[in-house]
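Each chain is listed here by its residues.
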Amino acid sequence: MKKILFAASESVPFIKTGGLADVVGSLPKYFDKEKFDVRVMLPKYMCMKDEWKEKLQYHTHFYMDLNWRKQYVGVLEMEYDGIRFYFIDNEYYFNGYAPYGDIYADIEKFAFFSKAVLSALPLIDFRPDIIHCHDWQTGLVPIYLDNFRYGNEFYRGIKTVMTIHNLKFQGTWDPKRVRDITGLPQYYFAPDKLEAYKDANYLKGGIVYADRVTTVSNSYAEEIKTPFYGEKLDGLMNARANCLSGIVNGIDYEDYNPLTDNKIERNYDVSNFRKEKIKNKIALQKELGLEENQKTMMIGVVSRLTDQKGFDLVAYVMDELCQDAVQIVVLGTGEEQYENMFRHFAWKYPGKVSANIYYSEAMSHKIYASCDAFLMPSLFEPCGLSQLMSLRYGTVPIVRETGGLKDTVEPYNEYEKTGTGFSFMNYNAHEMLATVRYAEQIYYDKKRDWNKIVERAMNKDFSWKNSAKQYEELYEGM
Ligand code: ADP
Ligand code: GLC
């Protein structure tokens, strides 16, 4: 039996800001339970819903040095869906309304978390063979582990995997401050270790010290070796190429299942979507005050509203797009310029554009189920889960060919009658618009072909089955 510990800053159902939480919360369930004991360690945020906080059980607590600071570390736990989750408690670090806030506070918060993860292990009677770290927030785990090994037998032989969900966020600050925070010896503050471009860089440190590095799609694994996608770490990615691989994300096929989803108006599957899916659209048009017409093509967006997701392209051609016979439904929060952009167009085109600037799990399911198409024109996309959710609900993705979008959406070919979506290559607003209009044309003029695309989309399998196997092979090979 191999023991695996996931260390991460978010996980469904406890706390979520993006796709990372979906991955950390669903992947562990899909390992072969005979061969792998996978557990998860998370911060216990005060902003977690009470319904979860109430269920956590106290396990132990201790005090831990963080350089000159001495900090309380509580360890709580609960079992959910057959998986053991541990929560690191410290009300000074994990207060606030959201998991992340001021980056400098976050730098100290996640130094604390990373060291606490390792320090808690001997007290919870779980010595993992492998610690699987996710994103910059846990980048210091492999470094502290290296440092711990010298003095303590317990830690010798523990291996680490670092998974990059987004290379853009690295967690960097002035080395002097980071030295003061972490208490790590000067030795680590060198350009071949924790330092990059004169800053201490958590993610970089994790990548250097991890035994294996993975990212969440094959294309992104290749892309980050180039300057355009490499976020100034492309040199390092090339240097670590022999330890770097891409494993595409899956989604939870139980949570996201149009046949059993209780958040949507009408359940359906691939055999009856032609008659049933449309009832979700009508219900959503009513709910959001859009013009009630079941024939109108409805395009959905569910996203963090940031530069990464390509919304400057959308802003650029939104007026043109709104001349077409389409409805656009947006659900998202993020940068003010994009929030206001969508609010503006909802005001300008009432009945046609619906801007829902908030976070709602339930509304996201309704959009995946109701829309005909889903727009995701990302500038870069390590994997992307929204397009997988769309495919699952028979909502045809329109995407830019980058990262995981390229690996999971097969462009429609009208001659060979293949494909599960529509895609364009260049980061260009009119190329995107032309692709949306091509999709409109198929939707309105070739309904049978459109429905075949939906059918192929719904028949694709992006459950965790295949990808969990690849993680198993990775662990077994270490
Ligand atoms: P990223 O992790 O870069 O934000 P992904 O596509 O991997 O992108 O994952 C995004 C996840 O967050 C999906 O599960 C999506 O449904 C969800 N999501 C994004 N914005 C919202 C929102 N405003 N309300 C509900 N869910 C959202
Ligand atoms: C990041 C990426 C997204 C990916 C998610 C989960 O948030 O932006 O593309 O799907 O992590 O791996």
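Small disclaimer: the values here were computed from a predicted structure and weren't measured.

Considering the UniProt feature "domain: Starch synthase catalytic" (unreviewed entry) in the protein
- In this structure's numbering, the residues bearing the UniProt feature "domain: Starch synthase catalytic" (unreviewed entry) are residues 3-238.
- With 29% helix and 27% strand, the stretch residues 3-238 has end C-alpha atoms that lie 30 Å from each other.

With respect to the layout of surface pockets
- Estimates place the volume of the second largest pocket at around 810 Å³.
- Counting residues per element, the ones that place at least two in the lining of the second largest pocket are helix H1 (19-26), helix H2 (50-53) and helix H12 (361-370).
- Element by element, the count of residues in the lining of the second largest pocket is highest for H1, at four residues.
- For the lining of the second largest pocket, a count of residues per class yields 19 nonpolar, seven polar and 12 charged.
- Lining the lining of the second largest pocket are residues from two domains, each supplying at least three of them: domain 1 (2-250 + 465-476) and domain 2 (273-461).

Points about the site of ligand 2
- Not every one of the 14 residues close to ligand 2 is listed here, only the nearest: His-165, Asn-249, Glu-381, Cys-383 and Gly-384.
- Within the side chain of Gln-308, an N or O atom sits 3.0 Å from an oxygen atom of ligand 2.
- At 2.5 Å, a side-chain N or O of Glu-381 approaches an oxygen atom of ligand 2.
- Protein contacts shield 93% of the accessible area of ligand 2, which totals 310 Å² for the unbound molecule.
- Taken together, the residues of the shell around ligand 2 sort by class into six nonpolar, six polar and two charged.
- Looking at the shell around ligand 2, you find at least three residues from each of domain 1 (2-250 + 465-476) and domain 2 (273-461).

A closer look at the sheet that holds strand E12 (residues 244-246)
- Pairing is mixed across the open sheet formed by nine strands, whose spatial order is E3-E4-E5-E2-E1-E6-E7-E11-E12. One side of each edge strand has no neighbouring strand; the edge strands of this open sheet are strand E3 (57-66) and E12. Averaged over all pairs of adjacent strands, the angle between their axes in this sheet comes to 25°, without regard to strand direction.
- Contacting strand E7 (159-164) and strand E11 (212-215), helix H6 (residues 202-209) crosses the sheet at an angle of about 135° to E7.

About the cut-offs
- Residues numbered from 1 in each chain as written.
- Chains lettered and ligands numbered in written order.
- Predicted model: local features only at pLDDT ≥ 70, side-chain atom pairs only at ≥ 80, totals over all residues.
- Heavy atoms only, no water.
- UniProt positions renumbered as here; feature names shortened; annotations may be inferred.
- Helix = DSSP H or I, 4+ residues; strand = E, 2+ residues; numbered from the N terminus.
- 1 Å grid on protein atoms, 1.4 Å probe; cavity = no way out; pocket = protein on both sides within 12 Å on 5 of 7 lines; lining within 4 Å.
- Points joined across faces, edges and corners; volume = space filled by probe spheres on them.
- Nonpolar A, V, L, I, M, F, W, Y, C, P; charged D, E, K, R; others polar.
- Domains from an automatic or database assignment.
- Near = heavy atom within 4 Å.
- Polar contact = N/O pair within 3.5 Å; in protein donor to acceptor, adjacent residues only side chain to side chain.
- Areas by Shrake-Rupley, 256 points an atom, 1.4 Å probe, with all protein chains shown as cover.
- Pairing = 2+ DSSP bridges.
- Axes fitted to C-alpha atoms, helices over the stretch in contact; angles between N-to-C directions.
- Contact = heavy atoms within 4.5 Å.

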